[in-house]
Amino acid sequence: MAKYNFESIKVGFIGGGNMASAIGAGLIRKGIFNPNNVWVSARTNRTLGFWSDLGAHATLENGEVYDNCDIVFLAVKPNMLSSAVDGVKKTKTRINNPLFVSVLVGIPLDTLADKLKSVVEGSPRIIRCTPNTPMMVGEGITVYCCMNTTNEDEQMVHTLLSYIGIAESVPEYLMNAIGGLSGSGPAYAYLIIESLSDGAVKMGVPRPMAMKFAAQVLVGAGKMVLETGRHPGQLKDEVCSPGGTTITGVHAMECGQVRASMMNAVEAAVKKSNEMASK
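It should be emphasised that the depicted structure is a prediction, and the values quoted were computed from it without experimental measurement.

Undergrad: Account for the pattern of salt bridges, naming residues and giving values.
TA: Should the charged atoms of two oppositely charged side chains come close, the side chains can pair. Counted under the stated rule, the structure contains nine salt bridges. One salt bridge in this structure joins aspartate 237 and lysine 236, with 2.9 Å as the shortest N-O distance. Owing to a relative accessible area of 36%, lysine 236 belongs among the partly exposed residues under this scheme. Where glutamate 254 meets arginine 259, a salt bridge forms, and the shortest distance between an N and an O atom there is 2.6 Å. Given the relative accessible area of 37%, glutamate 254 is considered partly exposed. Take arginine 259: its relative accessible area is 51%, and that puts it in the exposed class.

Given below as structure tokens:
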């Protein structure tokens, strides 16, 4: 991994909600970012209180983030992009050319460039990425694609994102499809953890123990796939003894169409991203 002095780089977030917290707070807590070099803007002081407590500069003015930062993360809701850029134009005090990193679901590079060209001289440098919230605990997934960036820009952001999980460059046409898996996937996993926990509670296991063990089941199973390189079907077969408890449970899941439901969830999320991109 390339070495960068991220403590001296000034980083901003326009939008201070969940995704900004997953990235920014995750990197502050790991000691990668110096909180005194982090600027965050949001629409309400309630959101900004979290960032002030971390030692970051908190502001209601998007232009202040733009003015002070080398890297600016766009972390508002997708439908707020235009108003966020308008906020920069109204409150900025100088011309700056930061590297923009967008985490806006479904918004393509062309649209981002069209909006951002009004606040920079020349062509805006943009990295579009799809992260997920487990970045906050160092186990995220981020895929990204670039426009008008240098190799240094790309390598720096790749290194940065790799501190808090897996980061991979992909063609833009795959961004929404992968987002339906990695971006939305944690919500599916939480639902599975809750369901497994409920099943254990039904059978008499205390709730705190059931929840802890259900979560660890997913952590352990995920590591088995990643570290052994074996197909999940093979690993599943190794747990299913003939006539045993696990194959009986797997049959119950198949009767409930769990596999089809997971596939449908990814498909539905991707279709929604595509709809948002077309608006």
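That covers the picture; the talk isn't over yet.
Undergrad: Residue-level account of the packing of aromatic side chains, with values.
TA: A full pass over the atoms with the stated rule returns four aromatic pairs. Relative to tyrosine 163, the ring of phenylalanine 6 lies with its centre 6.1 Å away and its plane at 85°, an arrangement referred to as edge-to-face. Of this pair, phenylalanine 6 sits in the segment before strand E1 (11-14) while tyrosine 163 sits in the loop between helix H6 (151-162) and strand E8 (165-169), and the two are 157 residues apart along the sequence. Owing to a relative accessible area of 3%, phenylalanine 6 belongs among the buried residues under this scheme. Judged by its relative accessible area of 23%, tyrosine 163 is partly exposed. Note on phenylalanine 13 and phenylalanine 73: the rings are 4.8 Å apart at their centroids and 15° apart in plane angle, and the pair reads as stacked. With phenylalanine 13 in strand E1 and phenylalanine 73 in strand E4 (residues 71-74), this residue pair connects regions lying 60 residues apart in the sequence.

Undergrad: Could you give me a rundown of the sheet that holds strand E3 (residues 57-59), with the residues and numbers involved?
TA: Reading across from one edge, E3-E2-E1-E4-E5-E6-E7-E8 is the order of the eight strands in this open sheet, with mixed pairing throughout. Each end of this open sheet is capped by a strand with a single partner; those strands are E3 and E8. Across this sheet, the average inter-strand angle for adjacent strands is 20°, counted without regard to direction. As defined by bridge partners, E1 adjoins E4 across four bridges and the pair is classed as parallel. Considered in E4, the bridge of valine 11 is made with isoleucine 71. Here H6 sits on the sheet and contacts E4, strand E5 (99-102), strand E6 (125-130), strand E7 (140-147) and E8; the angle it forms with E8, its principal contact strand, is near 155°.

Undergrad: Go over unusual backbone geometry with me, naming the residues and quoting the values.
TA: Backbone geometry places asparagine 148, a non-glycine residue, at a positive phi of 60°. By secondary structure assignment, the location of asparagine 148 is in the loop between E7 and H6. The backbone phi angle of glutamine 257 is positive, close to 55°, even though this residue is not glycine. Structurally, the position occupied by glutamine 257 is in the loop between helix H11 (245-255) and helix H12 (258-278).

Undergrad: I'd love a proper account of the nonpolar core, names of residues and values included.
TA: Judged by nonpolar contacts, the single largest core of 34 residues is most densely connected at Phe6, Phe13, Ile23, Phe33, Phe73 and Val101. Going through the elements one at a time, E1, helix H1 (18-29), strand E2 (38-41), helix H2 (45-54), E4, E5, E6 and H6 are the ones with two or more residues in this core. Looking at this core, the element that brings in the most residues is H1, giving five residues. Beyond its immediate sequence surroundings of up to four residues, phenylalanine 13 is in contact with Ala20, Ile23, Gly24, Phe33, Val38, Trp39, Val40, Ser41, Val65 and Phe73.

Undergrad: Let's hear about H6: which residues, and what values?
TA: Here H6 is 12 residues long and its end C-alpha atoms lie 16 Å apart, about the 16 Å a rise of 1.5 Å per residue gives. Contacts from the buried residues of H6 go to H1, E4, E5, E6, E7 and E8.

Undergrad: An account of the packing of H1 against H2 is needed here, citing residue identities and associated values.
TA: At a minimum axis distance of 11 Å, the contact between H1 and H2 shows a crossing angle of 10°. Classified by the angle their axes make, H1 and H2 are roughly parallel. Note on element contacts: H2 touches H1 through Phe50, Trp51 and Leu54, opposite Ala20, Ser21, Gly24, Ala25, Ile28 and Arg29. Taken together, the residues of the contact of H1 with H2 sort by class into six nonpolar, two polar and one charged.

Scoring rules and cut-offs
Residues numbered from 1 in each chain as written. Predicted model: local features only at pLDDT ≥ 70, side-chain atom pairs only at ≥ 80, totals over all residues. Heavy atoms only, no water. Salt bridge = Lys/Arg side-chain N within 4 Å of Asp/Glu carboxyl O. Buried < 20%, exposed > 50% of the residue type's maximum accessible area, 1.4 Å probe, protein only. Phe/Tyr/Trp six-rings, centres within 6.5 Å; stacked < 30°, edge-to-face > 60°. Helix = DSSP H or I, 4+ residues; strand = E, 2+ residues; numbered from the N terminus. Pairing = 2+ DSSP bridges. Axes fitted to C-alpha atoms, helices over the stretch in contact; angles between N-to-C directions. Contact = heavy atoms within 4.5 Å. Core = buried A, V, L, I, M, F, W, Y, C linked by side-chain atoms within 4.5 Å. Expected span 1.5 Å × (residues − 1). Parallel < 35°, antiparallel > 145°, perpendicular 65-115°, else oblique. Nonpolar A, V, L, I, M, F, W, Y, C, P; charged D, E, K, R; others polar.

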